[in-house]
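Read off the chains here:
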Amino acid sequence: HKYNNEKERCQTPVISEMQIKEAFVAAYNILMANKDGVIADCRALQHLLTDTTAMEQEIADLSKQLGDSTAELRQHVEGNMRSAMNQEQFWKRYNMLEERCNLLSDRLAQLQTSIKERKQRADVIGGFMFEIKERDGIIDEFAEELWTTLLESVTITREGKWQFKFKNEKVIEV
C-alpha cells in the first residue's frame, strides 16, 4: 500500500459538508460586512471591463493594416501572373507578406476574444451585484443559491485556511 509508512500519509484534509457550509457562511458574512464597498468595487470593475475603447481602436487600425497587407499580397501574386518574376524573390516577398497578414489576423482574433471575455466577465459581475443588492446582510445558515450565484471557487490551504473566491474576484480567507 502506498501509505504503509506513517511519514508518507496523505496530506489532504478530510472535511465534512457541514464544515464547508459553516466556512462559506463565515466568508459570506465577512464579504457582506462592507456591502456598499463591495457594490462600489463591482461597479468600478464592471466599468473597467466594459471600457474596451483602446482595444476597439486597435482592432480598427489592425483591420485597416490587414486589408492593406492583403491587397499588397494580392497585387504581388497578380504581378507574378502578368510578367515573369524571379521566383526566389517572388516567394521570399510572398512569404513575408503572408506572415504579416497572419500576424495581423492572429492579433485581431486575440483582441476580439479578449473583448468578448471581458464583456462576459462584466455580465457575471452584474449578476453578482444584483444578488448582493437583494440581500439584507449577514446570514445565519448556509444558502445554496448564494453558493451557486456568488462563489467562483474554494481552496483549502495546507495550513487549513479556507480561501473563498467570489465572482467579484474578492478572496476571503477564513
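Predicted, not measured: the structure shown is a model, and the values here were computed from it.

So, how was this worked out
Residues numbered from 1 in each chain as written. Predicted model: local features only at pLDDT ≥ 70, side-chain atom pairs only at ≥ 80, totals over all residues. Heavy atoms only, no water. Helix = DSSP H or I, 4+ residues; strand = E, 2+ residues; numbered from the N terminus. Rg over C-alpha atoms; globule rule 2.2 N^0.38 Å. Buried < 20%, exposed > 50% of the residue type's maximum accessible area, 1.4 Å probe, protein only. Contact = heavy atoms within 4.5 Å. Salt bridge = Lys/Arg side-chain N within 4 Å of Asp/Glu carboxyl O. Pairing = 2+ DSSP bridges. Polar contact = N/O pair within 3.5 Å; in protein donor to acceptor, adjacent residues only side chain to side chain. Axes fitted to C-alpha atoms, helices over the stretch in contact; angles between N-to-C directions. Parallel < 35°, antiparallel > 145°, perpendicular 65-115°, else oblique. Left-handed = near helix turned anticlockwise from the far one by under 90°. Nonpolar A, V, L, I, M, F, W, Y, C, P; charged D, E, K, R; others polar. Core = buried A, V, L, I, M, F, W, Y, C linked by side-chain atoms within 4.5 Å.

Undergrad: Report on the overall build of the protein chain, specifying residues and quantitative values.
TA: Assigned secondary structure in the protein chain consists of five helices and three strands. Taking 16 Å as the expected radius of gyration for a compact globule of 174 residues, we find that the protein chain reaches 27 Å, considerably beyond that expectation. Dimensions along the principal axes, computed over C-alpha positions, put the protein chain at roughly 80 × 50 × 20 Å. Looking at the protein chain residue by residue over its 174 residues, the buried ones come to 29%. Considering only contacts within the protein chain whose residues lie at least 6 apart along the sequence, 66% involve residues at least 24 apart.

Undergrad: I'd like a description of the side chain of Asn80, backed by residues and values.
TA: Assignment of secondary structure puts Asn80 in helix 3 (residues 53-82). If we skip the residues at most four places from it in the chain, Asn80 touches Met85, Gln87 and Phe90.

Undergrad: I'd like a description of the pattern of salt bridges, backed by residues and values.
TA: Going through the model one piece at a time under the given rule, you end up with ten salt bridges. With its nearest N and O atoms 3.2 Å apart, the salt bridge here joins Arg135 to Glu131. With relative accessibility at 23%, the residue Arg135 sits in the partly exposed group. Taken together, the shared-partner salt bridges in this structure form one network comprising Arg121, Glu152, Lys165 and Glu169.

Undergrad: Give a description of unusual backbone geometry that names residues and reports values.
TA: Even without being glycine, Glu169 reaches a positive phi, approximately 75 degrees. In this structure, Glu169 sits in the loop between strand 2 (162-166) and strand 3 (171-173). On the accessibility criterion, Glu169 (39% relative accessible area) is partly exposed.

Undergrad: Can you tell me about the pairing of strand 2, naming the residues and giving the values?
TA: By the alternation rule, side chains of strand 2 split into Trp162, Phe164 and Phe166, which are all buried, and Gln163 and Lys165, of which none is buried. Note that strand 1 (residues 151-156) and strand 2 share five bridges and pair antiparallel. The residue of strand 2 that forms the bridge with Val154 is Phe164. The turn linking strand 1 back onto strand 2 is made up of five residues, and Gly160 within it adopts a positive phi angle of 90 degrees. Across three bridges, strand 2 lies against strand 3 in antiparallel orientation. By the bridge assignment, Lys165 is partnered in strand 3 with Val171.

Undergrad: Before we move on, could you go through the side chain of Asn168 and cite the residues and values that matter?
TA: Position of Asn168 relative to the elements: it lies in the loop between strand 2 and strand 3. In terms of polar contacts, Asn168 uses its side chain to reach the backbone amide nitrogen of Lys170, at 3.1 Å.

Undergrad: Outline the packing of helix 3 against helix 4 (residues 87-134), supporting the account with residue identities and numerical values.
TA: Taken N-terminus to C-terminus, the directions of helix 3 and helix 4 make an angle of 155 degrees; their axes are 9 Å apart at the nearest point. Classified by the angle between their axes, helix 3 and helix 4 sit roughly antiparallel to one another. Relative to helix 4, the crossing made by helix 3 is left-handed. Here the contact of helix 3 with helix 4 is composed, by residue class, of 14 nonpolar, ten polar and nine charged.

Undergrad: Please set out the sheet that holds strand 1 residue by residue, giving values where relevant.
TA: Across the sheet, which stays open at both edges, the three strands sit in the order 1-2-3 with antiparallel pairing between neighbours. Single-partner strands in this sheet number two, and they are strand 1 and strand 3. Shown here is a sheet whose adjacent strand axes are inclined to one another by a mean of 20 degrees, direction ignored.

Undergrad: Got a sec to walk through the nonpolar core? Specific residues and values, please.
TA: Ranked by internal contacts, the top residues of the largest apolar core, which has 26 residues, are Phe128, Phe164 and Phe166. For this core, the elements supplying multiple residues, two or more each, are helix 1 (17-32), helix 2 (35-50), helix 4, helix 5 (144-150) and strand 2. Tallying contributions element by element places helix 1 first for this core, with seven residues. Met55, Leu66, Cys101 and Leu111 belong to the second largest nonpolar core, which has nine residues in total.

Geometric descriptors of this kind do not, in isolation, establish any biological role.
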